[in-house]
Amino acid sequence: MATSTSNCITLSGSTNLVAEFFHYGLNSILYQRGLYPPESFTHTQQWGLTMLVTSNKELQKFFDEIISQVKTWLMDMSIEKLVIVIKEVGTNVVVERWQFDIESDKTVDKDTKREVSIKQIQDDMRSVIRQITASVTFLPLLDKTCCFDVLVYTDKGLEVPTTWGETTPHFVYNSEEVRLKSFTTSIHKVSAAVAFKKSD
Amino acid sequence: MVYPVIYPTMDPLSDSMDNLVGMKRKFDAMVNQGKDETLRHNLLSDFEDAEVTGNFSRLVDRSPKEHIKFPLSPAQHYSSFTSTPSSTREINLKDAEITYHKACIVKLENRIASLQRNAEQASIEHDKEIAEIKTLRDREVKKAADLKSKLQYIMECEKTARDEVHRLEKELQHQTIESNNKFLKEQKERIEATDKAQQAKVHWKDKEAQLYEKIMSQKLKIGQLQSKLEENLKQSALKKNSSEEVATYKQKVEKLEEALLIEKKKVKDLESRFAEQEDNIITTKALKADLDMVPALKSEVEKLRQDNEGLRLNEQNTMLLEEEIRGLKNKLGQIDSLRERSAKLEVENEELKERLTRWEMKDTSGSRRPQSPSSLSKRIQELESTNASLLMTQGEMQSRINISERKVEHGEAQLQRLVSALTMEKNTSSQFTDLVKRLKRKLLLLSKERDAYKNLLDSYESEVTVNFDEEKSSQIRRLEEIVQEHKTNQAETEAEIESLSSRLAECQTQLEQAQQHHRLDNPEQQSSQQDKEAITLLREQIAVLESELIKTQQERDNLDAKIEQRHLQGDYDPSKTKIIHFRLNPFALAQKEREEELEKLREDNEKLKKRNQILEENGGMVEGITMQVEENLQKLSPSKEIENLKSQLASAEMRNQRLKEVFSKTSKEFREVCYELTGYRFDIPCANQYRLTSMYAERQKDYLLFQQNPKGEVQLLQTDFSMSFQGAMEKYLKKYKSLPLFLCHITMELFDRQTMSL
């Protein structure tokens, strides 16, 4: 569990919860969208759900890299969005865009404690993951070789590590959007949405 | 000694022969290194033979005969020369011989010419052959090199293969050893296991026996224990009986203890009762003393009862009175409250009246404008109510006016009456005043008379004392009182007149007010009509505004929806937000991999194309095709090379540009810093010349010019500005030979000048 106390949350606790959610969310999307072979995923139990997590070493390394960095940005509340972009490798065309908007309560500091129901938060996170899983039904089939990238929207003035570089927003041309559920830790609010190419 | 004679004639031949020989030698060296040196000499000396062909073998075959033949004639010649007899015959012979020799010489010369030609032909052919052979050789060399490289490659391959074989063998050995070891180990283990199993079996058997024994012993024990148990059961029955007895004894003891406790308690109670008894005795003694006093007390009690009754009556009376007082107080309070309320109401009434008047005033001003429809409607309501109230007040006022008119009439009548009374009074007062005047005159006269009489009396008094004074003075007093009464009457009448005139003025003002009020009613109606128009206008405006509001709301909703969509599409504010990603993300890696793969495929394609081309050119029969393909590939295609060069050029230019930018930036900074620190701006108008302009220069023309000579020394050039510092030049440049001092001096000087001027 991310937090030790049952009904009290701090900034770091909230950060850990959100980071955990991102970890499982990213993995679920990769599995559901078939970007990597299904046999490269292993089953784990989280929040009462059976989740699939990649066992690809390189991907794990990449996730560790991303999540640890995102954690620091969650802590100083400079992150606005986290976006997973799925692109066709051959044509470099963006076909899908999973967007997680993050609203941070900037009045919160390190010592602030909030009364919340951790169970409620976990229920909400679970329902978002379920919705991600369910959205496969309406998303178009990815019939060409695709790969993904993770974008982060941050404050303009933020100093980023040299391993990170600026990029474009990667809009989906001629897109259709679906808003998904959201959850809040009372410090961070995460609302999900998916944009995909309109089928002709 | 024959050779010197022949030599001159042989000279050109020998030259050409030398050439030929050289060529032949080369040829020999190349072709046939194994041939005999002497044979070659023979070949070389063959210049008698006319038919010299390119065929080498023939030359070789023929040469020995000629070798034998040739030396004969010179030898003969020599022998004939040495004998020298003087006979003519001999001379003739010799002549003949000479002629023969000459002929021989001519023949030889011809031959030589032909040989020369042949030799030339041969040389040409040789050259050709040499060239062919060279090319052949080159090819062979190339082939050899190729073969060598192949061989090397194969050797390397072999080597690597051997190494691998070695390694594999080693590994195999290692593995076999390992497997053997394992096998041995396993065998050992198996043996151990079997041993163990046997041991275990033995052990188990032992144990079984032991257990059997144990069981037997246990059975015995059980028998013993059963007997013991029976004994114990008997004993326990006995014990039970004894324990029951003990229990009964215990119960008895407990009962006794309880009884003891009860007894103890009783004792305590008795002790306490005893103490109480003692106390009681003391109290009874006291009570006896009290009982003695009882009869007296009885009489007192009766008295007190009587008093009580009287007091009760009084109390009832007082109660009644109090009730009356309460009723009166309540009444008083009610009256007071009523009074207060009436006073409040009066105040309110006055306030309301004032407000009414103010309202009236405000309405006449008309400066108020309705702020909103609600206020307008309110105002209308107010106005309507005020209108109604005003109508009421108008009615009231009219009635008041009537009343006041009546009053005025009444007042006028009264006034007339009063005026007539006043006139009468005036008349009377004038009469009175006249009377007063007359009386005053009379008084004067009388006082004079009195004075005269006084004088007379004084004169008489001096003679006879007669008392007339008192009567006179009393008369005067009476008269004075009458005058005083008149005066008071007059004052009263005047006061009455004044009060009446003031009332009249009041009535007139009231009348005027009423008239004004009446007049004001009409304009108010007009204003209300204007208000109505304004209201209708405003209502229309409101309707328009509402419709606009609905439209704008719809637009806003649309825009909101659009914003939401844009947001979902991932739009952002570039002035506040930036988008970043991890550089080594999976997509970038995948793309890079793909590019690499593509590049590789392209290369492969290129190779295969070349291979195909070569195969097509040579009709499918080519040796070392891969080598050729690689050779071809190494020769880069010109377009690719150009592209490479272009990219290199572009990058070089870019670098240059950047360096220029950086340089210009740093130089600018440097110049600025120099200007700030030294107070001089440095310019380079032409090579090796430096122009310094001071920060404090008064004009732009005021500058110093320096030149650097090839030795590296800096010299001051003459300018108009520098000429104005002759003294400083003498001092600092010629005496101290210090340019910095000179520059400092100029700075100080210019600064002083500026501050002076400031």
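Scroll up for the structure.
Here we summarise the structure given alongside this text. Per chain, residues are indexed from 1 in the order of the written sequence. Written order determines the labels here, with chains lettered from A and ligands numbered from 1. Where totals are concerned, whole chains, interfaces and linings use all residues; where local detail is concerned, this predicted model gives features only for residues with pLDDT of at least 70, and gives and counts side-chain atom pairs only at 80 or more.

Things to note about the interface of chain B and chain A
- Placing a C-beta atom from the backbone of each residue, one calls two residues in contact when those atoms lie within 7 Å. The partner chain A presents 35 residues to the 21 residues of chain B that form the contact.
- Secondary structure elements are taken from DSSP: a helix is a run of H or I of four residues or more, a strand is a run of E of two residues or more, and numbering for both begins at the N terminus. When contributions to the side of chain B that touches chain A are tallied by element, the ones reaching two or more residues are α8 (469-569), β1 (577-582) and α9 (586-617) of chain B.
- Examining the composition of the side of chain B that touches chain A, we find that 6 residues originate from one element, β1(B), more than from any other.
- When its residues are assigned to classes, the side of chain B that touches chain A shows 9 nonpolar, 8 polar and 4 charged. Throughout, the ten residues Ala, Val, Leu, Ile, Met, Phe, Trp, Tyr, Cys and Pro are labelled nonpolar, Asp, Glu, Lys and Arg are labelled charged, and all others, Gly among them, are labelled polar.

Some points on the sheet that holds strand β9 (residues 175-184) of chain A
- Only strands joined by at least two bridges in the DSSP assignment are considered to pair. Strand order in this open sheet of 7 strands is β8(A)-β1(B)-β7(A)-β4(A)-β5(A)-β10(A)-β9(A), and the pairing throughout is antiparallel. One side of each edge strand has no neighbouring strand; the edge strands of this open sheet are β8 (164-166) and β9 of chain A. The average angle at which neighbouring strand axes cross in this sheet is 25°, direction not considered.
- Alignment of strand β5 (residues 94-104) of chain A against strand β10 (residues 188-197) of chain A, held across 9 bridges, turns out to be antiparallel. Axis angles are defined between N-to-C directions and span 0 to 180 degrees, where every axis is a line fitted to C-alpha atoms and, for a helix, only to the segment in contact.

Considering the packing of helix α1 (residues 11-32) of chain A against helix α2 (residues 57-75) of chain A
Residues and elements named next belong to chain A.
- Running from N to C, α1 and α2 cross one another at 145°; their axes reach a closest spacing of 9 Å. In the crossing of α1 with α2, the sense of the turn from one axis to the other is right-handed. Contact with α1, carried on its side by Leu11, Ser12, Thr15, Val18, Ala19, Phe22, His23 and Leu26, involves Phe63, Ile67, Val70, Lys71, Leu74 and Met75 of α2 and no other residues of that element.
- In terms of residue class, the contact of α1 with α2 is built from 10 nonpolar, 3 polar and 1 charged. A clockwise turn of the near helix away from the far one marks a right-handed crossing, whereas an anticlockwise turn of less than a right angle marks a left-handed crossing.

Side note on helix α3 (residues 118-134) of chain A
- For a helix, the expected span equals 1.5 Å multiplied by the number of residues minus one. Its 17 residues place the ends of α3(A) 24 Å apart at the C-alpha level, agreeing with the 24 Å of an ideal helix rising 1.5 Å per residue.
- The elements touched by buried residues of α3(A) are α1, β3 (49-54), β9 and β10 of chain A.

Examining unusual backbone geometry
- Here the phi dihedral of Asn92(A) falls at roughly 65°; this positive angle occurs in a residue that is not glycine.
- Mapped onto the secondary structure, Asn92(A) falls in the loop between β4 (79-88) and β5.

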